[in-house]
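# Close look at the chain arrangement
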Amino acid sequence: MSSAPRTRTPALTTAPWAVAPHPVDDPVSARLLREYLVDVADRWYELYEGRSSTPEEIERHLAEMPSDDLAPPHGVFLVAHHAGEPAGCAGVRLLEEGGAAELKRMFVRPDKRGLGGAGVLLAAAEAAARELGAGRMALETRLDLTEARALYARRGYVDVPPFCEGPYSEVWLGKELGDPLGTPLGDPLGTPLAD
């Protein structure tokens, strides 16, 4: 990791949206993480098996993909509020190599989509990554999550070499977070990409 993490991630407010750090093990966080998982699992199961996820599958996936690393000192969990109500979340954790952070569990409730919250949440996640000492943000996603991929492309994320493996990892993206030294855009682990 490139430098020692700082201890405070500031809140970001762009009315009517507000994003701030929140304990990942809090009931509000747990509810948003469950909604996130149901949303992405239902999309996957509907695409590949023509059905929605079951409660047992959601419980199994929650156990297989814990979020406890989205907490200080090497991570942060953000909760977005729209007009005072919890409406989305995102997690950031430092990766072991190359001064990069990874974006995890980015989610906006379906009834709040199209209101600008995803962009506010992503900006807050990038600010949190910088606050943790990261110079780059990385993420992995799926091909069918087209709306998320479009958001990331609009915000400057580009394809990078795979940096993790998993049954749902199909696309790997990365972005420089304003490195003051002007390091060329590279993969999230620090290897410059070929032109």
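Only a predicted model underlies this, so the values are computations on that prediction, with no experimental measurement involved. (Residues numbered from 1 in each chain as written. Predicted model: local features only at pLDDT ≥ 70, side-chain atom pairs only at ≥ 80, totals over all residues. Heavy atoms only, no water.)

## Focus: the overall build of the chain
The following threshold applies: Here a helix means four or more residues in a row that DSSP labels H or I, a strand means two or more in a row labelled E, and each is numbered from the N terminus. Throughout, a residue-residue contact means that at least one pair of heavy atoms, one from each residue, lies within 4.5 Å. Where accessible areas are quoted, they stem from the Shrake-Rupley method and a 1.4 Å probe; at the residue level, only the protein chains shown are allowed to cover.
Within the chain, the regular secondary structure consists of four helices and eight strands. For the chain, the succession of helices and strands along the chain, N to C, is β-β-α-α-β-β-β-α-β-α-β-β. Contacts spanning at least 24 positions in sequence make up 63% of the contacts within the chain whose residues lie at least 6 apart. Carbon and sulfur atoms provide 55% of the accessible area of the chain, an area that totals close to 9900 Å².

## Focus: the packing of aromatic side chains
The criterion, for reference: Two rings from Phe, Tyr or Trp (for Trp, the six-membered ring) form a pair when their centres are within 6.5 Å of each other. A pair whose planes differ by under 30 degrees is stacked, one over 60 is edge-to-face, and the rest are tilted. Note on exposure labels: buried denotes an accessible area under 20% of the residue type's maximum, exposed denotes more than 50%, and partly exposed covers the range between, all computed with a 1.4 Å probe on protein chains only.
Tallied over the full model, the rule gives five aromatic pairs. On the numbers, 5.1 Å between centres and 85° between planes, the contact of Trp44 with Tyr45 is edge-to-face. You'll find Trp44 and Tyr45 in the same group, each marked buried. Site record: aromatic cluster; members linked through ring pairs are Trp44, Tyr45, Tyr48 and Tyr168.

## What about the nonpolar core?
Which entries qualify depends on this criterion: Definition of nonpolar core: a set of buried residues of the types Ala, Val, Leu, Ile, Met, Phe, Trp, Tyr and Cys, connected through side-chain atoms within 4.5 Å.
The biggest cluster of nonpolar side chains holds 30 residues, and the ones touching the most others in it are Leu78, Val92, Leu103, Met106, Leu121, Met137 and Tyr152. Broken down by secondary-structure element, the contributors of at least two residues to this core are strand 2 (17-21), strand 3 (75-82), strand 4 (85-94), strand 5 (100-108), helix 3 (117-131), strand 6 (136-141), helix 4 (146-154) and strand 8 (171-176). Sort the elements by how many residues they give to this core and helix 3 lands first, with seven residues. Within the second largest apolar cluster, 16 residues are counted, among which are Val24, Phe77, Val79 and Phe107.

## Let's talk about the layout of surface pockets
The cut-off we apply is this: Cavity means a closed set of points on a 1 Å grid over the protein atoms alone, one where a 1.4 Å probe fits but cannot get out, pocket means an open set with protein on both sides within 12 Å along at least 5 of 7 lines, and lining means a residue has an atom within 4 Å of a point. Grid points are joined across faces, edges and corners, and a volume is the space filled by probe spheres set on the points. In this classification, Asp, Glu, Lys and Arg are treated as charged, Ala, Val, Leu, Ile, Met, Phe, Trp, Tyr, Cys and Pro as nonpolar, and every other residue, Gly included, as polar.
Roughly 1200 Å³ of internal volume is contained in the largest pocket. Together, 47 residues line the largest pocket, and Tyr36, Val40, Met106, Thr141 and Leu145 are the ones closest to its centre. Residue contributions to the lining of the largest pocket peak at eight residues, all from helix 1 (residues 27-49). Its residues assigned to classes, the lining of the largest pocket comprises 25 nonpolar, seven polar and 15 charged.

## A short note on the pattern of salt bridges
Quick reminder of the rule: Each reported salt bridge corresponds to a side-chain nitrogen of Lys or Arg within 4 Å of a carboxyl oxygen of Asp or Glu.
With the rule as written, the count across this model stands at 13 salt bridges. Close ionic contact of Arg60 with Glu64 constitutes a salt bridge, the shortest N to O distance being 3.4 Å. Residue Arg60 and its partner Glu64 are both found in helix 2 (residues 55-64); the two are separated by four residues, about one turn of the helix. For Arg60, a relative accessible area of 40% gives the class partly exposed. Here Arg142 and Asp144 are joined by a salt bridge, their closest N and O atoms 2.8 Å apart. Put simply, Asp69, Arg93, Glu102, Lys104 and Glu140 are held in one network by salt bridges that share partners.

## Notes on the environment of Asp39
Cut-off, in case you're wondering: In protein, a polar contact requires one atom able to donate a hydrogen and another able to accept it; more generally it is a pair of N or O atoms within 3.5 Å, and residues adjacent in sequence count only if both atoms are side-chain atoms.
Among the structural elements, Asp39 can be located in helix 1. In sequence terms Asp39 and Arg109 are 70 residues apart; their C-alpha atoms lie 8.8 Å from each other. Filtering out sequence-adjacent residues up to four positions away, Asp39 remains in contact with Phe107, Pro110 and Arg113. A polar atom in the side chain of Asp39 sits 2.9 Å from the side chain of Arg113.

## Some points on the pairing of strand 3
Rules: Here the rule is simple: two strands pair whenever DSSP picks up at least two bridges between them.
Most of strand 3 sits out of view: seven of its eight residues are buried. Judged from the five bridges that link them, strand 2 and strand 3 form a sheet pairing that is antiparallel. Within strand 3, the residue paired with Ala20 across the bridge is Val79. Pairing of strand 3 with strand 4, which is carried by eight bridges, proceeds in the antiparallel orientation.

## Things to note about helix 3
Here is the rule: Here, expected helix span is obtained from the residue count minus one, scaled by 1.5 Å.
Taking 1.5 Å of rise per residue, the 15 residues of helix 3 would be expected to cover 21 Å, and the 21 Å separating its terminal C-alpha atoms lies within 8% of that figure. Within helix 3, the full set of buried residues consists of Gly117, Gly119, Val120, Leu121, Leu122, Ala124, Ala125, Glu126, Ala128 and Ala129. Positive phi shows up at Gly133, right after helix 3, with a value of about 100°.

No statement about biological role is implied by the geometric values presented.
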